[in-house]
Amino acid sequence: MRLRRLELRRIAIDLVVPFRTSFGTESSRDILLVHVTTDVGEGWGECVAMGEPVYSAEFVDGAQLVIRDHLWPILAAAGEITAADVDRLLAHLHGHPMAKAALEMAALDAELRADGRNLHDLLGGERDRVPSGVSVGIFSSMDELLGQVQGYVDDGYARIKLKIEPGWDLEPVRLVRELIGPELPLQVDANTAYGRTDIEHLCRLDEYDLLLIEQPLPEDDLLGHAQLANASATPVCLDESIVSVQNAADAIDLGAAEIINIKPGRVGGYLTARRIHDLCLERGIPVWCGGMVETGIGRAANAALAALPGFTLPGDISASSRFYARDIVRDPITVEGGHVEVPTGPGLGFELDHDFLDAITTSSEIVDV
Ligand code: NPQ
Ligand code: MG
């Protein structure tokens, strides 16, 4: 296909309840959507960068700029390409994985729709539904936390993940484990809030039979994670630290990653995400699909990825209604019996609700070839 036109669409969308993590509280989302027009049709992608560089170095204004001025011109000038060429064409530009992933997504959506295929098919997913986990924020009181967790248990989620930080760890985990009982899988995510001097403290989580502890230490501290993995019974899972196939392999070899959270935006796209999955499957490292509070575009694509055989743990692909009162797609992801269905429609598998999308659009920038 040939890329003809780019629309950078920004939307503003409120969260149903503020989401507090160790890096801050989010009450609404300012999301960049990437809409490409090609000679064979259109496609949409979603950039998962946040408003500020608090999860990783990327942020939405920077992503829009780098797409417009640096990434798009290369793809637009490349002539006849396929979505599988995007990663290689952009490889000489450092960083900006979320911006690159959004463009690759839009190219995949356009190409797949033109061929009457879907992402599930292209990636090689083997299941038509995947287990769904929910990520639960930090609260100012234990009562609020337990009330939220009970609601998600009632919704049928297959696994609970608690956000933790220093001062909000052992006690909330103890009380939630008591509330949900010994059977429901429980895990924690610190988003880099601890340091190597906390290793002994983090080992005290061992008694709560957690599925894993996600990214307790800074993203560049692979050795510290290996030290924690040696000291603790709870498996160490990396999120922010894993940014490429090579560094995933290195983290595994170092003993720093006993489990990996795969987020396509963080690693530069769905095709690289699949390669990390393939590596982990070969090495016997369980993986699961993370979430970045996506709309129905990203949620549909994540469900397709999570259908691959190495995704043996429930992902953070919760119902759209976990975060949004109304989604921008006509077929939002729902959770039934603890699972989400992998979309079967063409492309990434979503159908846009254009009226609602237009209603929440805050800006639209057009770039021609
Ligand atoms: C994680 N996600 O696994 C993240 C990080 C995160 C579902 O826990 C707005 C946009 C708020 C993106 C909060 C989950 C967010 C966000 C947390 C991403 O580390
Ligand atoms: Mg995480």
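Participant: What am I meant to see in helix 1 (residues 60-76) here?
Facilitator: Working note: α-helix, 3.6 residues per turn, so residues spaced by three or four point in the same direction. Of all the bends in helix 1, the greatest measures close to 45 degrees and is centred on isoleucine 67. Every buried residue belonging to helix 1 is among Val60, Gly62, Ala63, Gln64, Val66, Ile67, Leu71, Trp72, Leu75 and Ala76, and all of these are buried. Lining the buried residues of helix 1 we find strand 1 (3-21), strand 2 (24-38), strand 3 (41-47), helix 2 (86-89), helix 3 (97-115) and strand 13 (361-368).

Participant: Would you mind going over the layout of surface pockets with me for this structure?
Facilitator: If you roll a probe as big as a water molecule over the atoms, it shows you where there is empty space left. Estimated volume of the largest pocket: approximately 420 Å³. Residue lining of the largest pocket: 29 residues in total, with Phe19, Phe23, Glu26, Met50 and Val293 positioned closest to the centre. The set of elements that each furnish at least two residues to the lining of the largest pocket consists of strand 1, strand 2, strand 5 (133-136) and strand 6 (159-163). Along the lines of polarity and charge, the residues of the lining of the largest pocket split into ten nonpolar, eight polar and eleven charged. Of the voids in this model, the second largest pocket is the one considered here, and its volume is about 270 Å³. In terms of lining, the second largest pocket is formed by 17 residues, of which the most central are Pro332, Ile333, Thr334, Glu341 and Val342. Elements with a contribution of two residues or more to the lining of the second largest pocket: helix 12 (296-306) and strand 12 (339-341). Counted by class, the lining of the second largest pocket contains seven nonpolar, six polar and four charged residues.

Participant: Explanation requested: helix 9 (residues 245-254) in the structure shown.
Facilitator: Those residues of helix 9 not exposed but buried are Val245, Asn247, Ala248, Ala249, Ala251 and Ile252. Elements in contact with the buried residues of helix 9: helix 8 (222-231), strand 9 (236-238), strand 10 (259-262) and helix 11 (270-283). One or two steps after helix 9, the chain reaches glycine 255, where phi turns positive at roughly 80 degrees.

Participant: I keep staring at the pairing of strand 5 and nothing clicks. Help me out?
Facilitator: A regular strand carries its side chains on alternate faces of the sheet. Alternating positions in strand 5 separate into two faces, Gly133 and Ser135 on one and Val134 and Val136 on the other, with burial throughout. Where strand 5 meets strand 6, four bridges bridge the pair, whose relative direction is parallel. Counterpart to valine 136 in the pairing with strand 6 is leucine 162. The handedness of the strand 5 to strand 6 crossover, carried by helix 5 (residues 142-155), is right-handed.

Participant: So what exactly am I meant to see when it comes to the environment of threonine 344 here?
Facilitator: Tracing the sequence through the fold places threonine 344 in the loop between strand 12 and helix 13 (354-359). Among the residues examined, threonine 344 registers a relative accessible area of 68% and is labelled exposed. Between the alpha carbons of threonine 344 and alanine 304 there is a distance of 9.0 Å; along the sequence they are 40 residues apart.

Participant: I'm lost on the site of ligand 1 in this one. Help?
Facilitator: Lining the immediate surroundings of ligand 1 are 19 residues, of which Ser135, Lys161, Lys163, Asn191 and Gly291 lie closest. A distance of 2.8 Å separates an oxygen atom of ligand 1 from a polar side-chain atom of serine 135. Its free accessible area being 440 Å², ligand 1 has 99% of it covered by the protein chains. The cavity that encloses ligand 1 is the largest pocket. Among the elements of the structure, strand 1, strand 2 and strand 6 are those that each provide at least two residues to the shell around ligand 1. Of the residues belonging to the shell around ligand 1, the class tally is six nonpolar, four polar and nine charged.

Participant: Sorry, what's going on with the pattern of salt bridges here?
Facilitator: Think of it this way: side chains of opposite charge can pair up when their charged atoms draw near. Applying the stated criterion to the full structure yields 23 salt bridges. For the salt bridge of glutamate 365 with arginine 68, the shortest nitrogen-to-oxygen distance reads 3.0 Å. One end of the pair, glutamate 365, is in strand 13; the other, arginine 68, is in helix 1, and 297 residues separate them in sequence. Of the residues examined, glutamate 365 reaches a relative accessible area of 23% and is grouped as partly exposed. The partner of lysine 161 in a salt bridge is glutamate 214, and the shortest N-O contact between them spans 2.9 Å. In this pair, lysine 161 is assigned in strand 6 and glutamate 214 in strand 8 (residues 213-214), connecting sequence segments 53 residues apart. Each member of the pair lysine 161 and glutamate 214 is classed as buried. Shared partners join several salt bridges into a network, and the residues in it are Arg159, Lys161, Lys163, Asp189, Glu214 and Asp316.

Participant: Would you mind going over the sheet that holds strand 9 with me for this structure?
Facilitator: Strand order in the open sheet formed by seven strands is 5-6-7-8-9-10-11, and the pairing between neighbours is parallel. One side of each edge strand has no neighbouring strand; the edge strands of this open sheet are strand 5 and strand 11 (287-289). Packing against the sheet, helix 6 (residues 170-180) makes contact with strand 6 and strand 7 (186-189), and its axis sits at approximately 155 degrees to strand 7. With respect to the sheet, helix 11 is in contact with strand 10 and strand 11, its orientation differing from that of strand 10 by roughly 165 degrees.

Rules of the game
The residue numbering used here restarts from 1 in each chain and proceeds along that chain's sequence as written. Each chain gets a letter, beginning with A, and each ligand a number, beginning with 1, in the order they are written. A pLDDT threshold of at least 70 governs which residues receive local features in this predicted model, and a stricter bar of 80 or more applies before side-chain atom pairs are shown or counted, although totals over entire chains, interfaces and linings include all residues. Values reported for side chains reflect all heavy atoms of the structure, with hydrogen atoms and water molecules removed beforehand. The angle between axes fitted to the seven residues ending at a residue and the seven residues starting there is what we call the bend at that residue. Numbering of helices and strands runs from the N terminus, with a helix taken as a DSSP run of H or I at least four residues long and a strand as a DSSP run of E at least two residues long. Each residue is assigned to one of three classes by its accessible area relative to the maximum for its type, calculated with a 1.4 Å probe on protein chains only: buried under 20%, partly exposed between the two thresholds, exposed over 50%. Two residues form a contact once any of their heavy atoms are found within 4.5 Å. Buriedness of a pocket was judged along seven lines, with at least five required to meet protein on both sides within 12 Å; pockets are open sets of points on a 1 Å grid over the protein atoms alone, cavities are sets where a 1.4 Å probe fits but cannot get out, and lining residues have an atom within 4 Å of a point. Grid points are joined across faces, edges and corners, and a volume is the space filled by probe spheres set on the points. Residues are sorted three ways: Asp, Glu, Lys and Arg are charged, Ala, Val, Leu, Ile, Met, Phe, Trp, Tyr, Cys and Pro are nonpolar, and all the rest, Gly among them, are polar. Pairs of strands are assigned from DSSP output, requiring at least two bridges between the strands. With the strands pointing away from the viewer, any crossover whose connection runs clockwise from the first strand over the helix to the second is right-handed. Throughout, near means a residue has at least one heavy atom within 4 Å of the molecule or strand. For the purposes of these results, a polar contact is taken to be a pair of N or O atoms within 3.5 Å, where, inside protein, one atom must be able to donate a hydrogen and its partner to accept one; residues adjacent in sequence count only when each atom of the pair is a side-chain atom. The protein chains shown are the only cover counted for residues, whose accessible areas, like all others here, come from Shrake-Rupley with a 1.4 Å probe. In this description, a molecule resides in a pocket or cavity if more than half of its atoms sit within 2 Å of the grid points defining it. Salt bridge, as used here, is a side-chain nitrogen of Lys or Arg placed within 4 Å of a carboxyl oxygen of Asp or Glu. Axis angles are defined between N-to-C directions and span 0 to 180 degrees, where every axis is a line fitted to C-alpha atoms and, for a helix, only to the segment in contact.

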